[in-house]
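# Observations on the three-dimensional arrangement
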Amino acid sequence: MIRPAAAAAPVRLDFAGGWTDVPPFSAREGGVVVNAAIGLLVRAAVGPEGPGFRIVAEDLGEELELPADSPLTADGRLDVHKAALRMHGVPPPVTLRTRSDAPKGSGLGGSGALDVAITAALAAATASEGFPTSMDIPSLAETAWRLETIEAGVPGGRQDQWAAALGGFNLLRFRDPDVKRQPLRLDSAFRAELARRTVLCYTGASRLSGNTISRVMGAYERGESQVVGALRGLCDVAERMAEALVSGNLFAVGALLSENWRLQQALDARMSTPEMARLEAAVRAAGALGGKAAGSGAGGCMFFIAGDNVTATASAARMAGAHLLPVRWELTGVRSC
């Protein structure tokens, strides 16, 4: 019988380089991503409750009860949760309960944070020694990535799982299967000012799907110049973003966010929605220094670096229909709770 255990992991803001952590680009050329964990958490708790398998996603209002002999097959209902129980060989009775602070489809890497939180909780529940000694952080991040992409069959890169496992600001280099982490040390005063100036806007759930990933990476494999050039350009922006953050150059950070967003849109024409375009125009008119979509795009969140008048930028975002989310840097990653 398993022991009760719980873990929490943060979501992230991807400042630059997203998409370059996705294979086959990450395997052939190597990706570069700069991201930072924020204080919106995904929590997972597991315990020996019920006659069979019980799965509860509190933030989604979804619940499943399955018999003890269930094969936990994918059917579109909480498939990552089922894949985790199957992957870890968790015996019934068991209840797995999760909750996310981030909205569904936000583009903040919530599914990666979910992977990490569930993996950490199940590792603690099934190991002879408790979390975190039961699994080191790199192994935890890689196991969480395998959970989503291989066991659950959802294509994607590695940055979200690594951000959730590590916390803080990081420059991540991907050359599959290897990942190298360079922590970014920001001056504490600049870090606080960056949080104050970052306006995080939820525009509604992202409409991007695995088909978009397949379409973009298919174009890369065919050697389509616009997509190949955009992916390589995203790596360059990530390198420069790391320098801008460490040097405390707020204007450069804003400009690089906008450059990254331009390259994201070059990957696929559907990255931006009319709602996102209106939001971007509104905050720029209010003095924003730059911004981009969080994650892939086509909805979800956008975030902007405000100019001197943060209140004006935030008000413009609300008037454009966005729901504002809090920004607080999370300097530690996954933890037991």
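For the structure, see preceding data.
All of the points below concern the structure found in this document. (Residues numbered from 1 in each chain as written. Predicted model: local features only at pLDDT ≥ 70, side-chain atom pairs only at ≥ 80, totals over all residues. Heavy atoms only, no water.)

### Focus: the overall build of the chain
Within the chain, the secondary structure is distributed over eleven helices and twelve strands. Its C-alpha atoms give the chain a radius of gyration of 20 Å, near enough to 20 Å, the size a compact globule of 337 residues would have. Considering only C-alpha atoms, the chain reaches an extent of 60 × 45 × 35 Å along its principal axes. Considering the chain as a whole, with its 337 residues, one finds that 55% of them fall into the buried category. For the chain, contacts bridging at least 24 residues in sequence account for 75% of all contacts bridging at least 6. Summed over its atoms, the accessible surface of the chain is roughly 13,400 Å², and 52% of this surface lies on carbon and sulfur atoms. Computing the positive centroid from 34 side-chain charges and the negative centroid from 35, the chain places the two 3 Å apart. (Helix = DSSP H or I, 4+ residues; strand = E, 2+ residues; numbered from the N terminus. Rg over C-alpha atoms; globule rule 2.2 N^0.38 Å. Buried < 20%, exposed > 50% of the residue type's maximum accessible area, 1.4 Å probe, protein only. Contact = heavy atoms within 4.5 Å. Areas by Shrake-Rupley, 256 points an atom, 1.4 Å probe, with all protein chains shown as cover. Lys, Arg positive; Asp, Glu negative; His and termini not counted. Charge placed at Lys NZ, Arg CZ, Asp CG, Glu CD.)

### A few points about unusual backbone geometry
Residue Pro-92 is joined to Pro-93 through a cis peptide bond whose omega torsion reads 0°. Position of Pro-93 among the secondary structure elements: in the loop between helix H2 (79-87) and strand S5 (94-100). Between Asp-176 and the following residue, Pro-177, the backbone shows a cis peptide bond with an omega angle of 5°. Mapped onto the fold, Pro-177 is located in the loop between strand S6 (169-175) and strand S7 (178-183). The residue Trp-19 is not glycine, and still its phi comes out positive at about 90°. The backbone phi angle of Leu-78 is positive, close to 50°, even though this residue is not glycine. Note on placement: Leu-78 falls in the loop between strand S4 (62-66) and H2. Of the residues examined, Leu-78 reaches a relative accessible area of 8% and is grouped as buried.

### Digging into the sheet that holds strand S11 (residues 323-325)
Taking strand neighbours across the sheet as the criterion, the four strands line up as S9-S10-S8-S11 in an open arrangement whose pairing is antiparallel. The sheet terminates laterally at strand S9 (290-293) and S11, the two strands that pair on one side only. For this sheet, the mean inter-axis angle between neighbouring strands, taken without regard to orientation, is 30°. On top of the sheet, helix H6 (residues 188-197) reaches strand S8 (198-202) and strand S10 (301-305); it is set at about 35° to S8, its chief contact. Along the sheet, helix H11 (residues 310-319) contacts S8 and S11; its crossing angle with S8, the most-contacted strand, is approximately 5°. (Pairing = 2+ DSSP bridges. Axes fitted to C-alpha atoms, helices over the stretch in contact; angles between N-to-C directions.)

### As for helix H8 (residues 225-247)
In this model, H8 (23 residues) spans 33 Å end to end at C-alpha, consistent with the 33 Å of a helix rising 1.5 Å per residue. Looking one or two places after H8, you find Gly-248, whose phi comes out positive at around 75°. (Expected span 1.5 Å × (residues − 1).)

### A look at the side chain of Thr-273
Relative to the helices and strands, Thr-273 is located in the loop between helix H9 (250-267) and helix H10 (274-285). With relative accessibility at 7%, the residue Thr-273 sits in the buried group. Apart from the residues within four sequence positions on either side, Thr-273 is in contact with Arg-207, Ala-298 and Gly-299.

### So, the packing of helix H3 (residues 110-126) against helix H4 (residues 137-151)
Running from N to C, H3 and H4 point in directions that differ by 115°, and their axes come no closer than 8 Å. Like other packed secondary-structure pairs, H3 and H4 cross with a definite hand, here right-handed. Where H3 approaches H4, its residues Ser-111, Gly-112, Asp-115, Val-116, Thr-119 and Ala-120 are matched on the opposing element by Leu-140, Thr-143, Ala-144, Leu-147 and Glu-148. Residue composition of the contact of H3 with H4, by class: five nonpolar, four polar and two charged. (Left-handed = near helix turned anticlockwise from the far one by under 90°. Nonpolar A, V, L, I, M, F, W, Y, C, P; charged D, E, K, R; others polar.)

### Points about the pattern of salt bridges
In the structure shown here, the tally under the stated rule is 28 salt bridges. Close ionic contact of Glu-63 with Arg-54 constitutes a salt bridge, the shortest N to O distance being 3.0 Å. A relative accessible area of 23% places Arg-54 in the partly exposed class. Of the charged contacts in the structure, one is a salt bridge between Glu-142 and Arg-158, with a shortest N-O distance of 2.9 Å. Of this pair, Glu-142 sits in helix H4 while Arg-158 sits in the loop between H4 and helix H5 (159-166), placing them 16 residues apart in sequence. (Salt bridge = Lys/Arg side-chain N within 4 Å of Asp/Glu carboxyl O.)

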